[in-house]
There are 4 protein chains.
Amino acid sequence: MTAATACGRLEPRAGGKPQHQQENGMIEFALFGAGRIGKIHAANLARHPGAKLKYVVDRHAPSAEALAHAHGAQVADVERALGDPAITAVVIASSTDTHADLIVAAANAGKAVFCEKPVDLTVERSRVCADVVRRSGVTCMIGFQRRFDPTFAALKARVERGEIGAPEMLVVTSRDPGAPPVDYIRSSGGIFKDMLIHDFDVFRWILGDEAQTLHATGSCLTDPAVHDAGDIDSTAVTIRTRRGLLCQINTSRRAAYGYDQRFELLGSHGMLQAGNVRPTEVSAWLAAGIATDVPEPFFLERYRHAYAAEIAHFVDALRDGTPVRTTIDDGLAALELAEAAMTSWKTGRVIEL
Amino acid sequence: MTAATACGRLEPRAGGKPQHQQENGMIEFALFGAGRIGKIHAANLARHPGAKLKYVVDRHAPSAEALAHAHGAQVADVERALGDPAITAVVIASSTDTHADLIVAAANAGKAVFCEKPVDLTVERSRVCADVVRRSGVTCMIGFQRRFDPTFAALKARVERGEIGAPEMLVVTSRDPGAPPVDYIRSSGGIFKDMLIHDFDVFRWILGDEAQTLHATGSCLTDPAVHDAGDIDSTAVTIRTRRGLLCQINTSRRAAYGYDQRFELLGSHGMLQAGNVRPTEVSAWLAAGIATDVPEPFFLERYRHAYAAEIAHFVDALRDGTPVRTTIDDGLAALELAEAAMTSWKTGRVIEL
Amino acid sequence: MTAATACGRLEPRAGGKPQHQQENGMIEFALFGAGRIGKIHAANLARHPGAKLKYVVDRHAPSAEALAHAHGAQVADVERALGDPAITAVVIASSTDTHADLIVAAANAGKAVFCEKPVDLTVERSRVCADVVRRSGVTCMIGFQRRFDPTFAALKARVERGEIGAPEMLVVTSRDPGAPPVDYIRSSGGIFKDMLIHDFDVFRWILGDEAQTLHATGSCLTDPAVHDAGDIDSTAVTIRTRRGLLCQINTSRRAAYGYDQRFELLGSHGMLQAGNVRPTEVSAWLAAGIATDVPEPFFLERYRHAYAAEIAHFVDALRDGTPVRTTIDDGLAALELAEAAMTSWKTGRVIEL
Amino acid sequence: MTAATACGRLEPRAGGKPQHQQENGMIEFALFGAGRIGKIHAANLARHPGAKLKYVVDRHAPSAEALAHAHGAQVADVERALGDPAITAVVIASSTDTHADLIVAAANAGKAVFCEKPVDLTVERSRVCADVVRRSGVTCMIGFQRRFDPTFAALKARVERGEIGAPEMLVVTSRDPGAPPVDYIRSSGGIFKDMLIHDFDVFRWILGDEAQTLHATGSCLTDPAVHDAGDIDSTAVTIRTRRGLLCQINTSRRAAYGYDQRFELLGSHGMLQAGNVRPTEVSAWLAAGIATDVPEPFFLERYRHAYAAEIAHFVDALRDGTPVRTTIDDGLAALELAEAAMTSWKTGRVIEL
């Protein structure tokens, strides 16, 4: 099944709001993808009192079996998982190129969908998916876990309480501890779609406004192999919103000191800063300086609580019939910004949105 | 059953090392006490893949039932719990006055014991307990959870790696966010046995040395009711060890800004500081100042990870037959310091140990 | 004397290197401008053992008299000051529109020149000035005091020692505590020439590279009066250098929490951050948060040490015949970036330099 | 002249309040002691617009000459300096054993006195001095410069404004970067009189209360030579005041990371902390940790602003006829605490005051 055929064959299922809860009050899940992030979601589902992981689906049988075994689930293929009426929802944590097909198939089967970002590497297919989801009426949440990070979420809540008055300027620092293998980079869709897509979502979420103009530039500074793969590893993006608010994003694939995830929002009455999370609160006072821990090493550690919170939010939303906070439209909007950034970088021009 | 009779009847069970593991690899537990801290231990046992909570025991039936229900356990009384050969270990989280009896009874029944601090409010009964435990050969761990706090444990590991050379002086700041009800204070054994017992354990653990002299003073500064209950709420303790190392502990029942748990260790080559843990890493830059979060509100939040880690350590030690890190002798030693501090405070004299 | 005539009449004085020192070892100065910044320079000259302030020149006689009196100097007009052969050097701290004329006149008179930024509001006249200075052979230093700030200078020295490897990305945060009067804004040349000119100099200094492309955008967010004056108060600038290094600058005329002057430089082996300076190291731990001081209120306080250090550097350079660190060419280069930023903002286009 | 004879011959000069100001408005000073701290005071006097350094007195002629030359002063001996009616005030920065004699001689000569701590190494002679000063009616200020440190002074002001409610507990950390030469230690009066005397003054100043009981202990941990000199290098002091407030002081002669001068005051509504001052605000984010500068290296740097402020305060007090903030009674009170601490340490007993 390809996305094209899936989308082409789309027949939104009849009937109204999907029934999301089994009689025993547990929502049963199928998980697609038993890799690094799939394991995180499986463990968080296992810990949630209202969720039950029933199926694990992965082309790589040993991975599927190991993960299913660890959580008392069964190994299945896509058809069986989507064909089981006991399954209320799916979590899509497989490789990016499978997202669109699986979203469409799950929506067609009337399953609620939690899908890792991005929806797809192309805006076009993402739009088709969004359309299928809309017409099917299923709940579809995109895994922008940063919105569920305790620090980022607390900042957002304080902005909304008016603590710093009207937002004016957002500065986002987003740096990975080191570039992924070049093979990954080649199929990643490029730094804007792979890495900055999260930052674009943070921008939209925190400022609560949409981009009017966008400028992006960048360089390959860490490894010529990244350049050879047609990508860059360091970017500088500026967005001006419809209301004239400003946003600057700086990213790098390599921060020698670890995973650096900060932002600060200047408002009319002050500023709120979201800092990194450290493994411990030890500081060493030595002749060479007074040193604290570097940030958590990478996203699995930094966003550990965020991953748990986003799944809990998804389960709760299904249980309560309330909307999810990060929709497929958010996924589409972030992707459009990534596309614009790529164009700006390649053409050297400012993009009007 | 009183401790006296329990201790008097003591007949350490025959046979060698207790068998700690069921055939399915799960260690089965009985929990005594379904209160605030009992709930924490129950949840951590439930989360541990090698442990199974079988019984919950509490005089207050509704509490026992609710907690048992939440974790698929059964309500039982002491006799049934200790009489079940499937039970390998007990967790004692009931009120302080029941600790000694339960330790003795469990040891007599050949159960491994995890017991909240203190062993008892008197040194005498604590010694009897320690003796029973020793002769029975059961594993007995005392819940000095601070040793399992990620920040404190990291500091200790770095000291042991020699990062600051030879330890010289420890300064411990230990402040509660507010005094407990006076009724609690009356039966608590006083601030030294109730609150500083943890700090005395930290002192012994971090400096790796024993007290030679101890001086304690204090005042009632927060609430006259504390004074009327025969206690104080603010203390200043100084210990000099056998090797001449110094330790100062300052405590208060009330820190308006929250639960303040810090210490710093000066060594010949530098200093290591253990700071508070904050709920988030947001800072607010306002005209009035640049403010970060206050510390986690109280011990349940601050030591959340520590509680999980200590139970995991206990389960692992039982599984592997390895020693536990906080023994009943540690409990006894901390209590002796608390007793000495109380005497120093009351007499205004320096105590030789 | 207008700049046009001054420039037109330019006859670089014959002879070689100016003689910079009187027989008693003191370098004698004339100061143009007895305002806020003139007073700073006067006090720093007075404190320097190798400098003597002989003349104060200001159209506003009471200001000139008061300042001259405070430092044992004499009031003079431009002609007398420049005509006195005892005068080796001048400090130009008068209004921006007088800078070019005074530089030219002083250079023609063979006096060494220290001039506040900017050289002039137009690149054209600045170039003429630079040309006059070059041909006259006099020393001419532009007051980019940030290069002399202890924190910034320490960071620069550590970069040069290789502490973070090869520089890659500079992020500059530069925010005033509040907008100046609109009258000032009207004659200021706009935010890019008035405020960001310092940030452009920091960019050139810290990265040690020149801009290849520049993008600037901005908004008027704090006060419509700024917009009515044809200016903006919030800007976001991105520069990519010839070697592909990246720089982002964010500025605002209003930070409710004070004068915010920070930057951070990411390199291949780590990052160096230059933070704000606080009046005191008091922190308040209150129920509402743990708060430190806001930054020094404005540039006079924040750059107090920098102002002293730049004048000392100028005096030392004259005494030793060594080059100054911030030349008129630096002033010209920063102005060209400001001009490019203004064009980028107005046209919405990326500028090639 | 010995203190004994000086004190014995004491005849407080006739007449009322000393005339503190010359006709030209300048207060003329004699400085005793041209060493490290004498140079600081000389430079600060030179910078003060209301003060003039007329004489420098030092047994070591080259030192006196060099310092006098640097500030346009004259070299003199004690008699000439005290005999000159133009001299209004003296600054005593000579070795500790000369303080008492010089205070008495200056008071007898009707000169206002600024004297470095301590008044004398014995309480007895200090009392005689205080008596002479009192009867002579001259102003006498003791150089407890910490009260003039911007951070400490700001904290004190905020306590007085009620920011943290009623003070309850003070924790003082006071560590030198390294022990002085053993020769110095031998004649220093011991760590309590030499080093902690400042901390005892901070205690009295910040808590605004007097000691009721004091306990001190300590060890020699850094260098056996200190022990051989009869001293210790690490101390732990606890004071309980008349109102029941608590104070703990921990000190060491050696902090490998520099001069560590902090204190924190817990009050009923929160805490105020006074932190160290750093040379710069650079932080380095490296793989090994995120490091800031260590504190200023030693007291000359840390208290640079405090030294200037205390002399300015002295000059202003003389000019305005207002009282000084650190009197000889403060010097005496701090010395009495040092004496008590020494006794407590030597006897192992708690001292009642």
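These numbers were taken from a predicted model, which means no experiment stands behind them.

Any two side chains of opposite charge can pair, so long as their charged atoms come close to each other. Inspection of every chain in the model, using the stated rule, returns 128 salt bridges over all chains. The shortest N-O distance in the salt bridge between B:D194 and B:R253 comes to 2.9 Å. Placement of the pair is B:D194 in helix α9 (residues 191-194) and B:R253 in the loop between β10 (246-252) and β11 (260-267), with a sequence separation of 59 residues. Each member of the pair, B:D194 as well as B:R253, is classed as buried. Salt bridges sharing common partners tie together A:R147, A:D201, A:R204, A:E210 and A:D330.

According to UniProt, the feature "domain: Gfo/Idh/MocA-like oxidoreductase N-terminal" (unreviewed entry) maps to residues 28-144 of chain A in the numbering used here. Helix makes up 47% of residues 28-144 of chain A and strand 23%, whereas the separation of the span's terminal C-alpha atoms amounts to 22 Å.

Attention now goes to the state of the cysteines. Counted by the stated rule, this structure contains 0 disulfides over all chains. No disulfide involves C:C115; its nearest neighbouring cysteine sulfur is the one of C:C140, lying 6.6 Å away.

Here we take up the interface of chain B and chain C. In this assembly, 15 residues from chain B lie in contact with 15 residues from chain C. Interface area for chain B against chain C, summed over the two sides, is near 1100 Å², with a carbon-plus-sulfur share of 67%. Together, B:Y257, B:W285 and B:I290 form the three largest contributors to the area buried by chain B at its contact with chain C, with a combined 47%. Across the chain B-chain C interface, the total number found is 0 salt bridges. At the boundary of chain B and chain C, one finds 2 residue pairs in polar contact (both at pLDDT 80 or more). Of the residues forming the side of chain B that touches chain C, the biggest block, 4 residues, is contributed by strand β14 (residues 289-292) of chain B. Among the residues making up the side of chain B that touches chain C, the classes are represented as 9 nonpolar, 3 polar and 3 charged.

Let's shift gears to the relation of the copies chain A and chain C. One copy of the chain maps onto the second through a rotation about an axis and a displacement along it. Between the two copies, chain A and chain C, the superposition gives an RMSD of 0.0 Å; the rotation angle is 180 degrees and the shift along the axis is 0.0 Å. Put plainly, the chains are arranged around a two-fold axis. Both copies contact each other with a shared surface, as 100% of the interface residues of chain A are interface residues in chain C too.

Moving on, we get to unusual backbone geometry. The residue after B:K117, namely B:P118, is reached through a cis peptide bond having omega -10 degrees. Looking at where B:P118 falls in the secondary structure, it is placed in the loop between β5 (112-115) and α6 (123-136).

Residue and element names in this part refer to chain A. Per-residue pLDDT for chain A has a mean of 93; in total, 93% of the residues score no lower than 70. Counting interchain partners and residues more than four positions distant, the pLDDT-below-50 stretch residues 1-19 has 34 contacts. For this predicted complex, the interface score ipTM comes out at 0.92, while the overall pTM is 0.94.

Packed helices, taken two at a time, are described by the angle their axes make and the gap between the axes. Residue and element names in this part refer to chain D. At a closest axis distance of 9 Å, the pairing of helix α10 (residues 196-207) and helix α14 (residues 328-347) adopts a crossing angle of 115 degrees. As α10 runs across α14, the sense of the crossing is right-handed. Every residue of α14 that contacts α10 at I197, F200, D201, F203 and R204 is listed here: D330, A333, A334, L335, L337, A338 and A341. Taken together, the residues of the contact of α10 with α14 sort by class into 9 nonpolar, no polar and 3 charged.

Next up on the list: the interface of chain A and chain C. Contact with chain A, which involves 41 residues of that partner, is made by 42 residues of chain C. The junction of chain A with chain C conceals about 3000 Å² of combined surface from both sides, 57% of it contributed by carbon and sulfur atoms. Contact with chain C buries area across many residues of chain A, yet A:E168, A:L221 and A:Q248 alone supply 17% of it, more than any other trio. Between chain A and chain C we count 6 salt bridges in total. Linking chain A to chain C there are 16 residue pairs in polar contact (both at pLDDT 80 or more). Sorting the residues of the side of chain A that touches chain C by element identifies β7 (167-175), β8 (211-219), β9 (234-241), β10 (246-252), β11 (260-267) and β12 (270-274) of chain A as the ones contributing at least two each. Residues that form the side of chain A that touches chain C fall into these classes: 14 nonpolar, 19 polar and 8 charged.

To continue, consider the sheet that holds strand β2 (residues 51-57) of chain D. Each strand in a sheet pairs with another by means of backbone hydrogen bonds, the pair being arranged parallel or else antiparallel. All names here are of chain D. Strand order across the open sheet formed by 6 strands is β3-β2-β1-β4-β5-β6, with parallel pairing between neighbours. Here the strands that pair on one side only, and so sit at the sheet edges, are β3 (74-75) and β6 (140-142). Two elements, strand β4 (residues 87-92) and strand β5 (residues 112-115), share 4 bridges in a ladder whose sense is parallel. Residue V91 lies in a different strand from β5, and its bridge partner there is F114.

Residue and element names in this part refer to chain A. What the domain assignment reports for chain A is domain 1 (27-138) and domain 2 (147-352). Its C-alpha centre places domain 1 at a distance of 25 Å from the equivalent point of domain 2. In this assembly, 32 residues from domain 1 lie in contact with 26 residues from domain 2. With both chains or domains summed, domain 1 and domain 2 bury close to 2300 Å², and 76% of this area falls on carbon and sulfur atoms. Where K117 meets D194, a salt bridge forms, and the shortest distance between an N and an O atom there is 3.8 Å. Elements with a minimum of two residues in the side of domain 1 that touches domain 2: β1 (27-32), α2 (36-47), β4 (87-92), β5 (112-115) and α6 (123-136).

For the rest of this paragraph, the subject is the pairing of β12(A). β12(A) sits mainly inside the fold: 5 of its 5 residues count as buried. Here β12(A) shows a buried face lined by A:G270, A:L272 and A:A274 and a second buried face lined by A:M271 and A:Q273. Sheet topology places β11(A) next to β12(A); 5 bridges connect them, and they run antiparallel. Bridge pairing links A:G267 to A:G270 in β12(A). The antiparallel hairpin formed by β11(A) and β12(A) contains 2 residues in its connecting segment. Relative to strand β13 (residues 282-286) of chain B, β12(A) runs antiparallel, the two sharing 4 bridges. If you follow A:A274 over to β13(B), its bridge partner there is B:V282.

The subject of this paragraph is the side chain of B:D84. Residues and elements named next belong to chain B. Within the fold, D84 resides in the loop between α4 (78-83) and β4 (87-92). By relative accessible area, D84 is classed as buried at 12%. At a separation of 2.7 Å, a polar atom in the side chain of D84 contacts the main-chain amide nitrogen of A86. If sequence neighbours within four positions are ignored, D84 has contacts with K54, Y55 and K111.

Moving on, we get to the relation of the copies chain B and chain C. Overlay of chain B on chain C (RMSD 0.0 Å): rotation 180 degrees, translation along the axis 0.0 Å. The share of interface residues of chain B whose copies in chain C are also at the interface is 100%, consistent with both copies meeting through the same surface.

Here we come to the side chain of D:T213. As for its position among the elements, D:T213 is in strand β8 (residues 211-219). Setting aside residues up to four positions removed in sequence, D:T213 forms contacts with D:T238, D:I239, D:R240, D:V350, D:I351, D:E352 and D:L353.

Within this structure, the stated rule accounts for 36 aromatic pairs over all chains. One aromatic cluster is present, formed by A:F152, A:Y259, A:F263, A:F298, A:F299 and A:Y303 through successive ring pairs. Positioned above the aromatic ring of C:F152, the side-chain terminus of C:R302 is 4.9 Å from the ring centre.

Thresholds, definitions, all that
The residue count restarts for each chain, going from 1 along the sequence in the order it is written. Following the order in which they are written, the chains are lettered starting with A and the ligands numbered starting with 1. Owing to the predicted nature of the model, reporting of local features is limited to residues with pLDDT of at least 70; listing and counting of side-chain atom pairs is limited to 80 or more, with chain, interface and lining totals taken over all residues. Side-chain calculation: all heavy atoms of the structure are included, whereas hydrogens and water are not. Criterion for a salt bridge: a side-chain nitrogen of Lys or Arg within 4 Å of a carboxyl oxygen of Asp or Glu. Strands are runs of DSSP state E lasting at least two residues, helices are runs of H or I lasting at least four, and both sets are numbered from the N terminus onward. Each residue gets one of three labels from its accessible area relative to the maximum for its type: buried under 20%, exposed over 50%, partly exposed in between, using a 1.4 Å probe on protein chains only. UniProt positions are given in the numbering used here, feature names are shortened, and annotations may be inferred rather than shown by experiment. By disulfide we mean two sulfur atoms from cysteines, separated by a distance within 2.5 Å. Whether two residues touch is decided by their heavy atoms; if any such pair falls within 4.5 Å, the residues are in contact. Accessible area, probed at 1.4 Å, shrinks when two parts are joined; the buried area is that loss added up over both. Each polar contact in these results corresponds to two N or O atoms within 3.5 Å; when the atoms are within protein, one needs to be able to donate a hydrogen and the other to accept it, and residues that are neighboring in sequence are counted only if both atoms are side-chain atoms. Ten residue types, Ala, Val, Leu, Ile, Met, Phe, Trp, Tyr, Cys and Pro, are classed as nonpolar, four, Asp, Glu, Lys and Arg, as charged, and the remainder, Gly among them, as polar. Superposing the copies works by least squares over the C-alpha atoms of residues that have pLDDT at least 70 in both of them. The predictor reports its confidence for every residue as pLDDT, a score running from 0 up to 100. The angle between two axes is taken between their N-to-C directions and runs from 0 to 180 degrees, where each axis is a line fitted to C-alpha atoms and a helix contributes only its stretch in contact. A clockwise turn of the near helix away from the far one marks a right-handed crossing, whereas an anticlockwise turn of less than a right angle marks a left-handed crossing. Strand pairing requires that DSSP identify at least two bridges connecting the strands. An automatic or database domain assignment supplies the residue ranges for each domain. Any two rings among Phe, Tyr and Trp, with Trp reduced to its six-membered ring, count as a pair given centres within 6.5 Å; such a pair is stacked if its planes are under 30 degrees apart, edge-to-face if over 60, and tilted if neither. In this scheme, Lys NZ or Arg CZ marks a charge over a ring once it lies within 6 Å of the ring centre and within 35 degrees of the ring normal.

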